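# Examining the three-dimensional arrangement
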Amino acid sequence: MRLREIVEALGLEVRSGGHLLDKEVKGGYASDLLSDVMAHAKAGDLWITLQVHLNIVAVATLNDLAGIVLVNGREPEEVTLRKAAEEGVVLMVSPLSTFEVVGRLYELGIRGGDGSS
Amino acid sequence: MNAAYSETFFIEGGDFSRAGAAASRVKQILKEIGLDNRYIKRAVVIAYEAEINVVSYAQRGRLTLTVSPSRIEIVVEDEGPGIEDIELAMQEGYSTASDWIREMGFGAGMGLPNIRKNSDELKIDSRLGSGTKVTAEVRMEGPGAVP
């Protein structure tokens, strides 16, 4: 499924990387611990988190993630936004909680891994 | 490629605005060499976690990446407080990180365990009040090893 379809279905607001919405989303991962994402997220995953600081951008690029959804209406910090634009990372925001965002993604057919890798 | 390729990156302690820069360079170089993604992924996790440890705890450090036909070696050496109990630090969930580091989603006690899981060989030397040296190796064989 393309990022664009998810943005539309969930009513996400795109804060950076709006030209990259044709990216394929292969799965999803939800976590607020950066090492946990490094350990378990896979290339092409959409990452759901409440972290809004600069370092989420590096985690997304290092793991070739499809994009980041910030929950609970949290906005990316200014430096995060700038870095994301530089690195071509798609940042999206939702007023919904992680639980709700993940539930809706699951309904759309997006799946998580088994946590093994 | 026969001779080993080697490059060193410097890491500034406490500077979270640049955290991940060395790991990004490691990823870029390994991609340019043309290694298989499964090796790159493991090396990147090692580099990132070791870099974050330097940023979180040390004054400064350096990461040296060495790629030879059969292995990727990552050595991260820092000037820092050292690790009091390495065995304890290797335990998942154990961390001495400050509150503000934890609030950013670091300091979950997963760094060294992540490094161990992704290394075929891992050596940690630490001297209290002086610094820590992490030597990690990813072995490569068959398709996807150095072309």
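Below: a short report on this structure. Computed from a prediction, not measured in an experiment: that's the story for all the values here.

Bringing the sheet that holds strand β1 (residues 5–12) of chain B into the picture now. Residues and elements named next belong to chain B. The five strands lie next to each other as β1-β2-β3-β5-β4, forming an open sheet whose pairing is antiparallel. Each having just a single partner strand, β1 and β4 (121–127) make up the two edges of the open sheet. Taking the axes of each pair of neighbouring strands and ignoring which way they run, one obtains an average angle of 10 degrees across the sheet. The sheet contact formed by strand β3 (residues 71–79) and strand β5 (residues 131–139) spans nine bridges and is antiparallel. Counted as the bridge partner of E73 is E137 from β5. In the packing of helix α2 (residues 37–57) onto the sheet, contacts are made with β1, β2 (60–68), β3 and β5, and the angle to β3 comes to roughly 5 degrees.

Attention now goes to the packing of helix α3 (residues 55–62) of chain A against helix α1 (residues 21–33) of chain B. In contact at an axis separation of 10 Å, α3 of chain A and α1 of chain B are set at 15 degrees when each is read in the N-to-C sense. Our classification of the angle between α3 of chain A and α1 of chain B gives roughly parallel. In the crossing of α3 of chain A with α1 of chain B, the sense of the turn from one axis to the other is left-handed. Between α3 of chain A, through A58, T61 and L62 of chain A, and α1 of chain B, the contact on the second element is made entirely by A23, S24 and K27 of chain B. A class-by-class count of the residues in the contact of α3 of chain A with α1 of chain B yields three nonpolar, two polar and one charged.

Let us look at the environment of R82 of chain A. Residues and elements named next belong to chain A. The residue R82 is located in helix α4 (residues 78–87) in this model. For R82, a count of 14 C-beta atoms within 10 Å translates into the label partly exposed. Note: C-alpha distance between R82 and E100 (18 residues apart in sequence) is 28 Å.

Residue and element names in this part refer to chain A. Pairing is mixed in the open sheet, where five strands are placed in the order β1-β5-β4-β3-β2. The open sheet is flanked by β1 (13–16) and β2 (27–30), the only strands paired with a single partner. This sheet shows a mean twist of 25 degrees between the axes of neighbouring strands, independent of strand direction. Bridging between β2 and strand β3 (residues 45–49) involves four bridges; their strand directions are parallel.

Residue and element names in this part refer to chain B. Along the chain, N118 falls in helix α5 (residues 111–118). Under the C-beta neighbour-count criterion, N118 is labelled buried, with 22 such atoms within 10 Å. The sequence separation of N118 and Y39 amounts to 79 residues, and the corresponding C-alpha distance is 9.2 Å. With near-sequence residues (within four places) excluded, N118 lies in contact with R42, V45 and I46.

Taken together, the contact between chain A and chain B spans 15 residues of the former and 18 residues of the latter. When residues of the side of chain A that touches chain B are assigned to their parent elements, the largest contribution, five residues, is made by helix α2 (residues 34–40) of chain A. When its residues are assigned to classes, the side of chain A that touches chain B shows eight nonpolar, five polar and two charged.

As a further point, take the nonpolar core. Core analysis: the biggest nonpolar cluster contains 72 residues, and I68 of chain A together with A43, A47 and I74 of chain B have the highest contact counts within it. The greatest single-element share of this core, amounting to 13 residues, is contributed by α2 of chain B. Non-local contacts of I74 of chain B, meaning those with residues more than four positions away in its chain, are made with A43, I46, A47, A50, L63, L65 and A136 of chain B.

Cut-off values and rules
Residues numbered from 1 in each chain as written. Chains lettered and ligands numbered in written order. Predicted model: local features only at pLDDT ≥ 70, side-chain atom pairs only at ≥ 80, totals over all residues. Pairing = 2+ DSSP bridges. Helix = DSSP H or I, 4+ residues; strand = E, 2+ residues; numbered from the N terminus. Axes fitted to C-alpha atoms, helices over the stretch in contact; angles between N-to-C directions. Contact = placed C-beta atoms within 7 Å. Parallel < 35°, antiparallel > 145°, perpendicular 65-115°, else oblique. Left-handed = near helix turned anticlockwise from the far one by under 90°. Nonpolar A, V, L, I, M, F, W, Y, C, P; charged D, E, K, R; others polar. Buried ≥ 20, exposed ≤ 12 C-beta atoms within 10 Å, placed from the backbone. Core = buried A, V, L, I, M, F, W, Y, C linked by C-beta atoms within 7 Å.

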